[in-house]
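Below, each chain spelled out in residue letters.
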Amino acid sequence: MKKRYILLIMYFILLIIPIYWMINTSLKPDNEIIKKLTFIPQDFTLQNYKEIFTSPLWRSSFLNSLIYVCLNVVISLLAAIPGAYAFSRWKFRGSHHLFFWLLTNRMAPAAVFMIPFTELYYTLHIYDTHLAVALAHCLFNIPLAVWILEGFMSGIPREIDETAFIDGYSFPRFFGKIFFPLIAPGLGVAAFFCFTFSWIELILAKALTVTNAKPVVVTLTVGIGAEGVRWGLLAAAGVLTMVPGAVVVYFVRNYMAKGFALGRV
Amino acid sequence: MKNRGWIFLIPALAVMSISAFIPLMTVINYSLHYIFAGSAPTYVGLENYVEVLRDPAFLSALGRQLLFSLMVLVVQVPLGIGIALAMPKQGPAVALCLVLLGIPLLIPFNVVGIIARVFCQANIGVLPAFFGLLGYDFNVALDPIDASLTIFFLDVWHWTPLVALLCYAGLRSIPHAFYQAAEIDGASPWKTFRYVTLPKLRSVLILGVLLRFMDSFKIYAEPLLLTGGGPGSATTFMSLHVARKAQSYELGYAGASSVIYLFIVIVFSYIFFQIMTNVGKGGAQE
């Protein structure tokens, strides 16, 4: 019993070391980073963070990322909820193949899709907009959201639907009043994973934006590989990229454990 | 009634047609043409596929990728199950564990790459200093094995929490009565795990294995930022190889190689899916 917790704590320490190291680096001035290895900042400074918060480029990058990620979560969930409901309630002709086809889209190599995406969105006049990135990220988020939500919905007995219809509920009212609250945990989990995968995606976000919707993941790559990389600044930006997700995790933490285990797969 | 399912799927299919179907068709179209900047594409049939399959660079990237992906599964899945089993079942520590597990998942790929660079940088990094104390010259820029292992452990660090979260969710859904029954029957801890826990984890493990397998094929930013796919081509995995070709506008080659890539991932995923569904069922009958 005790040994188990010691191993678990050791694992969490290993898990945190890289994150600690980034926070540590972000609180040091550049010359301390380059000159010597220090385990706590000796020359403590918030300069790196101050620079990010006062720079319009960094501020707009963070804002762009948040906008397209939220847009993606909304589109993914709106498209996935009815789809997952159909898969969980009815076995129609081709439903198994369709479910597998949806999943295969998650495997698509983003690296190659970026050129067709660029051409397509140029034609649709949405290149370099938040909508472009949000739609492109649906490629891997809709399959995942359908998958997760289908699991949650299958865990809810069909009798609930039938009883509601016998009681005279119309479909939209049934969905809003009865079904929606029941699958709320599933929505939380699906939203968390869509948020995560959209937030950390780099290839498509980079290919589909120039200036108007340039996300923070792209701003971060600027200057890496060149001499005199501003490690402190990059580390500080890296720390800040973890903040929105950590907030989301905090809100869905109670649902995280409940999901997945139900349903088809 | 039968068609009702399709009506509900319209929103998902509409979005997927823009963000999946049309691009996929375009890629397949590329793969059948010889495309050279400034001139009209010419139809060449399957020539691009032949060229890709004969290219030693593609084949070595593929071999490296398969080894990497299998290693990812072999290490991350048992480790994830172990972590989930070790986690407390109730109390305030649960929320803490879940949030800690969630944090690595939220770090963008290129930030992971930056962390790796900071860790491995020759003069300022922790890892060279640590291995220096042990008398080993750790250098990701020169030693292919150091670079490959760094990428691998980085991935283990980044994604094992996902498997652990999924398994923990699965464990929570096992009724306590199952364990009590096993205890009354005098089952050893291993037998309890094998015949009670593992079959019940099947559905989440299928999800975990497939997600990790598919996503491990997409590893791109970490090797790019750490060493640019080097030293040599030691960390040039499939996505990196294909993306390079696409970026240099060898669209025929890139299209053909990504169709092959997609085919391989789908075949393997399908095999895993079949094996895991059936093995689990066999276990339940024993």
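The model shown is predicted, which means the values in this text are computed figures rather than measured ones.

The rules behind the values
- Residues numbered from 1 in each chain as written.
- Chains lettered and ligands numbered in written order.
- Predicted model: local features only at pLDDT ≥ 70, side-chain atom pairs only at ≥ 80, totals over all residues.
- Helix = DSSP H or I, 4+ residues; strand = E, 2+ residues; numbered from the N terminus.
- Contact = placed C-beta atoms within 7 Å.
- Buried ≥ 20, exposed ≤ 12 C-beta atoms within 10 Å, placed from the backbone.
- Nonpolar A, V, L, I, M, F, W, Y, C, P; charged D, E, K, R; others polar.
- Expected span 1.5 Å × (residues − 1).
- Bend = angle between axes of the 7 residues up to and from the residue.
- Domains from an automatic or database assignment.
- Core = buried A, V, L, I, M, F, W, Y, C linked by C-beta atoms within 7 Å.
- Axes fitted to C-alpha atoms, helices over the stretch in contact; angles between N-to-C directions.
- Parallel < 35°, antiparallel > 145°, perpendicular 65-115°, else oblique.
- Left-handed = near helix turned anticlockwise from the far one by under 90°.
- pLDDT = per-residue confidence, 0-100.

Tell me about the overall build of chain A, and please be specific about residues and values.
When helices and strands are counted, chain A shows 13 helices and zero strands. Put simply, chain A runs from its N terminus to its C terminus through helices and strands in the order α-α-α-α-α-α-α-α-α-α-α-α-α. Oriented by its inertia axes, the alpha-carbon framework of chain A measures out at about 75 × 60 × 30 Å. Counting contacts in chain A only where the partners sit at least 6 residues apart, residues at least 24 apart contribute 83% of the total.

Residues and numbers for the overall build of chain B, please.
Tallying secondary structure elements over chain B gives 13 helices and two strands in all. Dimensions of chain B, computed from the C-alpha atoms along their principal axes, are close to 75 × 70 × 35 Å. Going through the 286 residues of chain B one by one, you find that 41% of them count as buried. Partitioning the contacts of chain B with sequence separation of at least 6, the portion at a separation of at least 24 is 72%.

Got a sec to walk through the interface of chain A and chain B? Specific residues and values, please.
Taken together, the 74 residues of chain A in the interface contact 73 residues of chain B. Here the side of chain A that touches chain B gets 12 residues from one element, more than from any other, and that element is helix 13 (residues 231-256) of chain A. Taken together, the residues of the side of chain A that touches chain B sort by class into 58 nonpolar, 11 polar and five charged.

Can you tell me about the environment of glycine 94 of chain A, naming the residues and giving the values?
Mapped onto the elements, glycine 94 of chain A comes out in the loop between helix 4 (56-89) and helix 5 (95-104). Taking the C-alpha atoms as reference, glycine 94 of chain A lies 44 Å from leucine 220 of chain A; in sequence the two are 126 residues apart.

Quick one: what's the story with helix 1 (residues 2-26) of chain A, residue by residue and with numbers?
Residue and element names in this part refer to chain A. Over its 25 residues, helix 1 runs 36 Å from end to end, which matches the ideal 36 Å to within 8%, given 1.5 Å per residue. A maximum bend of about 35 degrees is found in helix 1 at isoleucine 17, where proline proline 18 lies one to four positions downstream. Three or more residues of helix 1 are buried, namely Tyr11, Leu15, Pro18, Met22, Thr25 and Ser26.

Can you break down the domain arrangement of chain B residue by residue, with the values?
By domain assignment, chain B separates into domain 1 (1-26) and domain 2 (32-285). Between domain 1 of chain B and domain 2 of chain B, the C-alpha centre-to-centre distance is 29 Å.

Please provide a residue-by-residue account of the domain arrangement of chain A, values included.
Residue and element names in this part refer to chain A. Partitioning chain A into domains gives domain 1 (1-45) and domain 2 (56-256). Using C-alpha coordinates to define each centre, domain 1 is positioned 31 Å away from domain 2. The interface is formed by eight residues belonging to domain 1 together with seven residues belonging to domain 2. Breaking the side of domain 1 that touches domain 2 down by element, the ones donating at least two residues are helix 1 and helix 2 (30-35). Looking at which element gives the most residues to the side of domain 1 that touches domain 2, the answer is helix 1, with four residues. Looking at side-chain class alone, the side of domain 1 that touches domain 2 contains four nonpolar, two polar and two charged residues.

A description of helix 8 (residues 158-166) of chain A should follow, citing residues and the corresponding values.
A small share of helix 8 of chain A lies buried, amounting to zero of its nine residues. Just downstream of helix 8 of chain A, glycine 168 of chain A is the residue with a positive phi angle, here 90 degrees.

An account of the nonpolar core is requested, with residue identities and associated values reported.
Residues Ala80, Met114, Val146, Leu149, Ala190, Leu204 and Leu208 of chain A are the most contacted members of the largest nonpolar core, which totals 156 residues. Residue contributions to this core peak at 17 residues, all from helix 7 (residues 130-154) of chain A. Not counting residues within four places of it along the chain, the set of residues in contact with alanine 80 of chain A comprises Ile142, Ala145, Val146, Leu149 and Ala190 of chain A together with Ala12 of chain B.

Give me the lowdown on the packing of helix 4 of chain A against helix 7 of chain A, citing residues and values where you can.
All names here are of chain A. Taken N-terminus to C-terminus, the directions of helix 4 and helix 7 make an angle of 40 degrees; their axes are 6 Å apart at the nearest point. Judged by the angle between their axes, helix 4 and helix 7 are oblique. As for the relative orientation of helix 4 and helix 7, their crossing is right-handed in sense. Broken down by class, the residue content of the contact of helix 4 with helix 7 amounts to 20 nonpolar, nine polar and one charged.

Go over the confidence of the model for chain B with me, naming the residues and quoting the values.
For chain B, mean pLDDT is 84; residues scoring 70 or higher make up 96% of the total. In this model, residues 282-286 of chain B is a region of pLDDT below 50 whose contacts with residues beyond four sequence positions or in other chains number four contacts.

Account for the packing of helix 4 (residues 92-105) of chain B against helix 7 (residues 144-172) of chain B, naming residues and giving values.
Residues and elements named next belong to chain B. Where helix 4 contacts helix 7, the two axes come as close as 7 Å, and the packing angle between them is 135 degrees. Classified by the angle between their axes, helix 4 and helix 7 sit oblique to one another. The way helix 4 lies across helix 7 gives a crossing that is left-handed. Contact residues: Leu101, Pro104 and Leu105 in helix 4; Trp157, His158, Pro161, Leu162, Ala164 and Leu165 in helix 7. Looking at the contact of helix 4 with helix 7 residue by residue, the class counts come to eight nonpolar, one polar and no charged.

Explain unusual backbone geometry to me, and be specific about the residues and the numbers.
Residues and elements named next belong to chain A. Unlike most non-glycine residues, histidine 125 shows phi in positive territory, near 60 degrees. Mapped onto the fold, histidine 125 is located in the loop between helix 6 (110-123) and helix 7. For aspartate 128, which is not glycine, the phi dihedral falls at a positive 65 degrees. Using a count of 16 C-beta atoms within 10 Å as the deciding quantity, one classes aspartate 128 as partly exposed.

Can you break down the confidence of the model for chain A residue by residue, with the values?
Residue and element names in this part refer to chain A. On average, residues of chain A score 83 in pLDDT, and 92% of them reach the 70 mark or higher. Of all the helices and strands in chain A, helix 2 carries the lowest mean pLDDT, 77, while helix 4 carries the highest, 92. pLDDT under 50 marks residues 260-265. Its contacts with residues more than four places away, or in other chains, come to 29 contacts.

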